[in-house]
Amino acid sequence: MFVNFFLELRQAKVPVSIKEYLALMEGMDKGVSDYSVDDFYYLSRAILVKDERNLDKFDKVFGHIFKGLEAVPGDGVAAEIPEEWLRKLAEKLLTEEEKAQIEALGGWEKLMETLKKRLEEQQKRHQGGSKWIGTAGTSPFGAHGFNPEGVRIGQDKNREGRAVKVWDKREYKNLDDTVEIGTRNIKIALRRLRKFAREGAEVELDMPDTIRSTARNAGYLDIKMVPERRNKVKLLILFDIGGSMDAHIRVCEELFSAARSEFKHLEFFYFHNCLYEKLWKDNRRRHVDTFSTAQLLHTYPADYKVLFVGDASMSPYEIAYPGGSVEHWNEESGQTWIQRVADTYRSMVWLNPVPERHWSYTPSIQLLQQLSSNRMFPLTLGGLDSAMKELNK
Amino acid sequence: MKFTGTDSYVASDDLRVAVNAAIALQRPLLIKGEPGTGKTVLAHEVAKALKAPIIEWHIKSTTKAQQGLYEYDAVSRLRDSQLGDERVKDIANYIKKGKLWEGFTSTERPVLLIDEIDKADIEFPNDLLLELDRMEFYVYETQQVIKAEQRPIVMITSNNEKELPDAFLRRCFFHYIRFPDRETMTQIVDVHFPDLQRNLLREALNVFYDIREVPGLKKKPSTSELLDWLKLLMVEDMSPDALRSKDSKQLIPPLHGALLKNEQDVHLFERLAFMARREQRQ
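Residues numbered from 1 in each chain as written. Chains lettered and ligands numbered in written order. Predicted model: local features only at pLDDT ≥ 70, side-chain atom pairs only at ≥ 80, totals over all residues. Heavy atoms only, no water.

(A) Local environment of the sheet that holds strand β5 (residues 111-115) of chain B. All names here are of chain B. Read from one edge to the other, the open sheet built from five strands follows the order β2-β5-β8-β1-β9, with strand pairing classed as parallel. A strand with exactly one partner marks an edge of an open sheet, and here the two such strands are β2 (54-58) and β9 (173-177). Pairwise comparison of adjacent strand axes, ignoring direction, gives a mean angle of 20° for this sheet. In the sheet, strand β1 (residues 29-33) pairs with β9 via five bridges, with the strands oriented parallel. (Pairing = 2+ DSSP bridges. Helix = DSSP H or I, 4+ residues; strand = E, 2+ residues; numbered from the N terminus. Axes fitted to C-alpha atoms, helices over the stretch in contact; angles between N-to-C directions.)

Next up, the structure:
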């Protein structure tokens, strides 16, 4: 059964390995889960799931496997559970408050007797059936009217009853699919674009230089310090947004989220379809709060590396002619503006989320490919890698 | 050695099992969750419950894995050599123990907290793989192997700022602290403020969960913020009525500074409250 569980988790794309499976076995062996389905669920979840976005998948698989468990005739399980009930019950009954309530019922002995009787009845009733663990956990007491004013068995502290629901509730549903997914790979690719340099305050000890200077200083200590190594790459990202780009929003978000934490000097702007005289930083205020492209060229020095992200899919007129923009009247063609950017910044690449094999069918992509002097790369990990290499040249 | 929560920390069943599994199987436990849901506090409470010493290693963006093992203080050695100090002859005098070393050689089995591991460089977790797996490392300067006599209980917290590598995750157990529901929250508050008025708590929780429901908040208030706010309410001796925002003149709850942590959120909340009140009038 556990092997099934394991295989089904793998099928559901929860990344589990033999190592974790063995750890789970070890945990069971050491008695961490203590014969309670509840605890077993928690234990296996802690061991097998490594990321909150897999919790929902795990719950689903567990629910599925658990349903299979319900169908098992309750021989072995049945022998186990009444004891557990009794034990739990006894624990509960030990508080002072409840003891007093038991007194009111005719004392401990009588209570245990009644309880045993009830449990026996319970067992008989369920032997033919199969719904053992599912609902029988604690609720039978309530169901059988064994619920006098004090002993709140399975009322507000309904542990078993709740436990069954825990994975059926699927509380982690909305944790599935966060933006962070897959950014690790992107970050690794972006790391190619690191140019370490020592600038700023001198805070680190320069060991080789210190030794050299000390030796030269006739053995008298001469400490040399150097500034810390930092990534000094400056990046300017221009995102195409809206329209045909809506289909690629996720991959762009991932790229943005990864780039943001990787580079200290990162600036970004948005444009629509093609670059014209205006850019903006906030999409909600794109018509009010604009930044002129001319100013962009003056503000950011030529050592910035420019990264265009866009599908470059539009009518060729939008690129080649003044007034070609779908949104406004542009005095100068998009071509002119892109040429200006290319002239100003030596390192420039275009990342295109459209699969490379479709590029040749879209004239505007070819046009922009030419404009960027063949520095257009697909927005895949491989493409990103080559783009970073290109930027590093 | 079993952890069952303490009188100042309410541990849910799943958390309890996860912690016990990590203790029994001697694996690191990775804790994630919204900021302020008690990730760091957990390690302290586990240490308290098990009467174990706690060793804390707070990670910053500049922290290197090596610093957790040991550091070689070359500057002191150079200086001592100038002064003709005898200690200079033994390099071991200039090896500074890191937190992991401390944890490995502790006489009692300690709780080792690696706090906010996601703050470090992306390679940081990978650099600790072997050390956490085998609980040993090699000191090059003195050519000795430091091996844990008793494996410390390792707790790692993360705020999800960076994704952790798979190889690292393989070696950990994982627990995600879910935001507590109302019932659990009441328990938590009870533990911290046993003599809080019932009706004040009820109103405060209403306001609190209402605020969490507000769409588009940059930072939702969490458990620790609620506790701070309640403390303030108690200090100010606020009456439950003052919290009933429906009929009060104030738009936002009193002492909101403890709950809402940036001005955009306060503005957003004010605007929503204003709109809600206008609707009521009509």
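(B) Representation of the nonpolar core. Judged by nonpolar contacts, the single largest core of 80 residues is most densely connected at B:Val19, B:Leu42, B:Met155 and B:Ile156. Among the elements that make up this core, the one with the highest residue count is helix α1 (residues 13-25) of chain B (eight residues). With sequence-adjacent residues up to four places away left out, B:Met155 is seen in contact with B:Val19, B:Leu29, B:Leu42, B:Ala43, B:Val46, B:Val111, B:Leu112, B:Leu113 and B:Ile114. With 30 residues, the next largest nonpolar core counts A:Tyr300, A:Val306, A:Ala312 and A:Ile365 among its residues. (Core = buried A, V, L, I, M, F, W, Y, C linked by side-chain atoms within 4.5 Å. Buried < 20%, exposed > 50% of the residue type's maximum accessible area, 1.4 Å probe, protein only. Contact = heavy atoms within 4.5 Å.)

(C) Examining the interface of chain A and chain B more closely. Each partner contributes residues to the interface: chain A has 46 residues there, and chain B has 38 residues. For the pair chain A and chain B, the summed buried surface comes to about 3,500 Å²; carbon and sulfur atoms form 55% of the total. Joining chain A to chain B, the criterion identifies six salt bridges. For B:Asp14, the salt bridge identified is with A:Arg45, shortest N-O distance 2.7 Å. Applying the counting criterion to the chain A and chain B interface returns 10 residue pairs in polar contact (both at pLDDT 80 or more). Where the side of chain A that touches chain B is concerned, the elements lending two or more residues are α2 (18-29), α3 (37-48), α10 (159-169), α11 (183-190) and α12 (207-216) of chain A. The greatest single-element share of the side of chain A that touches chain B, amounting to seven residues, is contributed by α3(A). (Buried area = accessible area lost by both parts, 1.4 Å probe. Salt bridge = Lys/Arg side-chain N within 4 Å of Asp/Glu carboxyl O. Polar contact = N/O pair within 3.5 Å; in protein donor to acceptor, adjacent residues only side chain to side chain.)

Note that every value here comes from positions in space, so none of it alone points to a role or purpose.
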